[in-house]
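Results of the structural survey
The lines below spell out each chain.
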Amino acid sequence: QVQLVESGGGLVQPGGSLRLSCAASRVIFSVYAMGWYRQAPGKQRELVATITNSGITNYADSVKGRFTISRDNAKNTVYLQMNSLKPDDTAVYYCNADWKPQLAPRREYWGQGTQVTVSS
């Protein structure tokens, strides 16, 4: 059973920083594209940032210049460094692993989520 375990969430003041981590187990981590998504109360889940297996990154416009996604294949871990946090960043943040093999069905997994609250 594939597991994605997020950590690093919490309460932070506006302008502060947090670093989220997502540790993957029971997967060939290096082949997966990894991503962070978030869901605020009453809103749909939205993409925050993704990183391909070759390290190409993509960000939502709302976090560009403030958030950085990175991965360490040796540690089977993906990170999300969040700086200059705003109250609008408050949400549950979810880790995602996504792989479409050439001759096999797509494989996609989600973590259980970690709460990030930005408030004074």
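Treat the numbers as computed from the prediction; the structure is a model and nothing was measured. (Residues numbered from 1 in each chain as written. Predicted model: local features only at pLDDT ≥ 70, side-chain atom pairs only at ≥ 80, totals over all residues. Heavy atoms only, no water.)

This part covers the overall build of the protein chain. Assigned secondary structure in the protein chain consists of zero helices and 11 strands. Moving toward the C terminus, one meets the helices and strands of the protein chain in the order β-β-β-β-β-β-β-β-β-β-β. A compact globule built from 120 residues would reach a C-alpha radius of gyration of about 14 Å, and the protein chain, at 14 Å, matches this within 12%. C-alpha extents for the protein chain along the principal axes are approximately 50 × 25 × 25 Å. Expressed as a percentage of contacts within the protein chain between residues at least 6 apart in sequence, the contacts between residues at least 24 apart total 54%. Of the roughly 6,600 Å² of accessible surface on the protein chain, a fraction of 48% belongs to carbon and sulfur atoms. Across the protein chain, the 13 positively charged side chains and the 8 negatively charged ones have centroids separated by 4 Å. (Helix = DSSP H or I, 4+ residues; strand = E, 2+ residues; numbered from the N terminus. Rg over C-alpha atoms; globule rule 2.2 N^0.38 Å. Contact = heavy atoms within 4.5 Å. Areas by Shrake-Rupley, 256 points an atom, 1.4 Å probe, with all protein chains shown as cover. Lys, Arg positive; Asp, Glu negative; His and termini not counted. Charge placed at Lys NZ, Arg CZ, Asp CG, Glu CD.)

Here we take up the pattern of salt bridges. Using the criterion set out here, one finds five salt bridges in the structure. Between Glu46 and Arg38 there is a salt bridge whose closest N-O contact spans 2.7 Å. Residue Arg38 is classed as buried on the basis of its relative accessible area of 6%. Salt-bridge contacts for Arg106 lead to Asp98; the nearest nitrogen and oxygen are separated by 2.5 Å. (Salt bridge = Lys/Arg side-chain N within 4 Å of Asp/Glu carboxyl O. Buried < 20%, exposed > 50% of the residue type's maximum accessible area, 1.4 Å probe, protein only.)

Assignment of secondary structure puts Thr68 in strand S7 (residues 67–72). According to the relative accessible area criterion, Thr68 is partly exposed, its value standing at 42%. As a C-alpha pair, Thr68 and Arg107 span 39 residues in sequence and 25 Å in three-dimensional space. Leaving out residues up to four positions away in the same chain, Thr68 has contacts with Tyr59, Tyr79, Leu80 and Gln81.

By the definition in use, this model includes three aromatic pairs. Plain terms: the ring middles of Tyr32 and Tyr109 are 6.2 Å apart, the flat faces sit at 50° to each other, and that makes the pair tilted. Pair noted here: Tyr32 is in the loop between strand S3 (18–25) and strand S4 (33–39) and Tyr109 is in strand S10 (residues 107–110), with a separation of 77 residues, a long-range link. Among the residues examined, Tyr109 registers a relative accessible area of 26% and is labelled partly exposed. Taken together, Tyr32, Trp99 and Tyr109 form an aromatic cluster joined through their ring pairs. A cation over a ring is seen here: Arg19 above Tyr79, with NZ or CZ 4.0 Å from the ring centre. (Phe/Tyr/Trp six-rings, centres within 6.5 Å; stacked < 30°, edge-to-face > 60°. Lys NZ or Arg CZ within 6 Å of the ring centre and 35° of its normal.)

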